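# Summary of the model geometry
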Amino acid sequence: LVAFLCFASVLWCADAAEEYRSVGCGKNIPHGFHPGHSHLVTIEVDDPGLGKVERQFRLHLPAAYDKDTKFPLVVDFHGWTGDSHSQEKDSKFVKVADTDNHPFMVATPDGMSDNPEGGMGSFNCSRTDGPLGPPCDTDRAKWGQISCYDSCPHCDPDNSCDWTSCHDDLAFTRKMVNYIGNHFCLDESSVHQSGVSNGGMFSYYMASQLSDIFASIAPVAGSPLIGFGDLPPHPMSLIDIHGINDDTIPYDLDHAEGEGPHHSVISWDGYYYEKKHQTIKKWVEGLGCAESPSHYPTHMDGETGWHCRLWSGCNRGKSEVVSCKANHGHDYPFGNIHQYIEGTRIIWHFMNRHSVAPEK
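A brief structural summary.

The rules behind the values
- Residues numbered from 1 in each chain as written.
- Predicted model: local features only at pLDDT ≥ 70, side-chain atom pairs only at ≥ 80, totals over all residues.
- Heavy atoms only, no water.
- Helix = DSSP H or I, 4+ residues; strand = E, 2+ residues; numbered from the N terminus.
- Rg over C-alpha atoms; globule rule 2.2 N^0.38 Å.
- Contact = heavy atoms within 4.5 Å.
- Expected span 1.5 Å × (residues − 1).
- Buried < 20%, exposed > 50% of the residue type's maximum accessible area, 1.4 Å probe, protein only.
- Polar contact = N/O pair within 3.5 Å; in protein donor to acceptor, adjacent residues only side chain to side chain.
- Pairing = 2+ DSSP bridges.
- Axes fitted to C-alpha atoms, helices over the stretch in contact; angles between N-to-C directions.
- Core = buried A, V, L, I, M, F, W, Y, C linked by side-chain atoms within 4.5 Å.
- Right-handed = clockwise from strand over helix to strand, strands pointing away.

The next subject is the overall build of the protein. In terms of helices and strands, the protein carries 8 helices and 13 strands. Relative to a compact globule of 360 residues, whose C-alpha radius of gyration would be 21 Å, the protein shows 21 Å and is just as compact. Each of the three principal axes of the protein carries a C-alpha extent, and together these read 80 × 50 × 40 Å. Looking at the protein alone, contacts between residues at least 24 apart form 66% of all its contacts between residues at least 6 apart.

Quick look at the structure:
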């Protein structure tokens, strides 16, 4: 009997060790990939609106990568007009992945730049006929024409809000994560997303669509446009980082052009964003978090006015909401003291606290 129990215990432990390991675990690293380096990957995506499309992202394997050890993944989205190469340099996730005691893989996607001018990579997180009406003032004569992308056939520079590519970046993101899990050893319970500006707006947009695979999101200098920030249907944690002096995606009315529909704030280019306190309140109430926040301590507390609040107990203890602010503008925190990487370390330490059971 003792022998049987020991044998059964070994089987249980083995099953636990295998839990959430992707099918790529144990496979040799594909040709051309090297730990401690980033590599450009091209995949084919079945875009629901545009058919088969080639999309690209950079994949960074941590220096400690081992084919038999499952690693978390951070998917990091650049801002409008950006690209994956510049985003790796700006966000510093790849450096943290190589130096932190808990290494992880980093995927940095390229937004589509199919606009006539070119070089304006973007992620699709809204449309003119939004659930709450247009997410911008469609009188573009007042704010300036928008640049229409080739993938947006109904875009009009003078009276629409389609300011990004119309490619399906939700389908792209899901295909990208699947590719990584199929070829590398991924911890499927620890997949996370971050993004800055347009990438941060995409964080909130994808939260309601991809919460079956992402454990947390970390938008930086980003808020949802009105109608495009629905709550996730599955447990998901949030750490939001926003400079209170941001006037591109205003934190509140103090740096906005005024109040727009549905109590939104109007940016300098005439778009309607949720006020930050509205977004956090919606998550806290919708996820059933504790009503009163507590201080969320970090190693940068007090630097440039940095302070974070934590709402715990969300989704019956399965997730958390953290809101961080400091005295900066439309940027990552701590840039004015030349310590961008410290904000990224804070984000990763938060992400590393959270995991979810992915749906099969």
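Turning to helix 5 (residues 169-183), a few remarks are in order. Residue pairs spaced three or four apart in an α-helix point in one direction, given the helix's 3.6 residues per turn. For helix 5, which comprises 15 residues, the first-to-last C-alpha distance of 21 Å matches the rise-based estimate of 21 Å (1.5 Å per residue) to within 8%. Along helix 5, the residues that are buried comprise Asp169, Leu170, Phe172, Thr173, Met176, Val177, Tyr179, Ile180 and Gly181. On its buried side, helix 5 packs onto strand 1 (38-47), strand 2 (51-60), strand 3 (71-77), strand 4 (105-109), strand 5 (186-196) and helix 6 (198-207). At the N-terminal boundary of helix 5, the capping side chain belongs to Asp168, with an oxygen 3.0 Å from the backbone nitrogen of Leu170.

Turning to the pairing of strand 13 (residues 319-326), a few remarks are in order. Among the 8 residues of strand 13, 7 are classified as buried, and the element is accordingly described as predominantly covered. Where strand 7 (residues 237-243) and strand 13 come together, 6 bridges link them in parallel fashion. Residue Leu238 lies in a different strand from strand 13, and its bridge partner there is Val321. One ladder, built from 6 bridges, connects strand 12 (residues 307-314) with strand 13; its direction is antiparallel. Counterpart to His307 in the pairing with strand 13 is Lys325.

The 10 strands are arranged 1-2-4-3-5-6-7-13-12-11 in an open sheet whose pairing can be described as mixed. Each of the sheet's edge strands pairs with one partner strand only, and the pair in question is strand 1 and strand 11 (294-295). Inspection of the sheet shows strand 3 paired to strand 4 by 3 bridges, in the parallel sense. Its bridge partner being in strand 4, Val74 is matched across the sheet by Val106. Along the sheet face, helix 6 touches strand 3, strand 5, strand 6 (216-220) and strand 7 and points at about 135° away from the line of strand 5.

Before going further, it helps to examine the side chain of Arg55. In this fold, Arg55 is placed in strand 2. Here the side chain of Arg55 touches Asp169 through a polar contact of 2.8 Å, side chain to side chain. Contacts of Arg55, omitting those with residues within four sequence positions, involve Val41, Thr42, Ile43, Val45, Asp110, Gly111, Met112, His167, Asp168, Asp169 and Phe172.

Turning next to the side chain of Asn124. The topology assignment puts Asn124 in the loop between strand 4 and helix 4 (140-143). In this structure Asn124 comes out as buried when scored by relative accessible area, which is 14%. A polar contact of 3.4 Å, which involves the side chain of Asn124, links it to the backbone oxygen of Cys166. Look past the residues within four positions of Asn124 in its chain and what remains in contact with it is Thr164, Ser165, Cys166, His167, Asp169, Phe202 and Tyr205.

Within the largest apolar cluster, 62 residues are counted, with the highest numbers of intra-cluster contacts made by Phe57, Ile180 and Val321. Beyond its immediate stretch of four places on either side in the chain, Ile180 contacts Phe57, Leu59, Leu73, Met105 and Ala107. If you look at the next biggest cluster of nonpolar residues, it comprises 29 residues, including Ala221, Ala326, Trp348 and Met351.

This next bit is on unusual backbone geometry. A positive phi is found at Tyr20, a non-glycine position, where the angle reads about 65°. On the secondary structure map, Tyr20 appears in the loop between helix 1 (2-18) and strand 1. The phi angle at Asn315 is positive, at roughly 50°, despite the residue not being glycine. Along the chain, Asn315 falls in the loop between strand 12 and strand 13.

Right, let's talk about the sheet that holds strand 9 (residues 264-266) for a bit. Overall, antiparallel pairing links the 3 strands, which are arranged 8-9-10 in an open sheet. Strands at the two margins of the open sheet, each flanked by one partner only, are strand 8 (259-260) and strand 10 (272-273). Judged from the 2 bridges that link them, strand 8 and strand 9 form a sheet pairing that is antiparallel. Residue pairing for strand 9: Glu259 is matched across the bridge by Val265.

Attention shifts here to the environment of Gly343. Relative to the helices and strands, Gly343 resides in helix 8 (residues 340-351). For Gly343, a relative accessible area of 2% gives the class buried. In this structure Gly343 touches Pro333 and Phe334, once residues within four positions along its chain are discounted.

The element strand 5 is extensively covered by neighbouring structure, given that 11 of its 11 residues are classed as buried. The pairing of strand 3 with strand 5 spans 6 bridges and is parallel. Residue pairing across strands places Phe71 opposite Leu186, the latter belonging to strand 5. Sheet topology places strand 5 next to strand 6; 5 bridges connect them, and they run parallel. Pairing of His192 across the sheet is with Ser216, part of strand 6. Regarding the hand of the β-α-β motif, the stretch spanning strand 5, helix 6 and strand 6 is right-handed.

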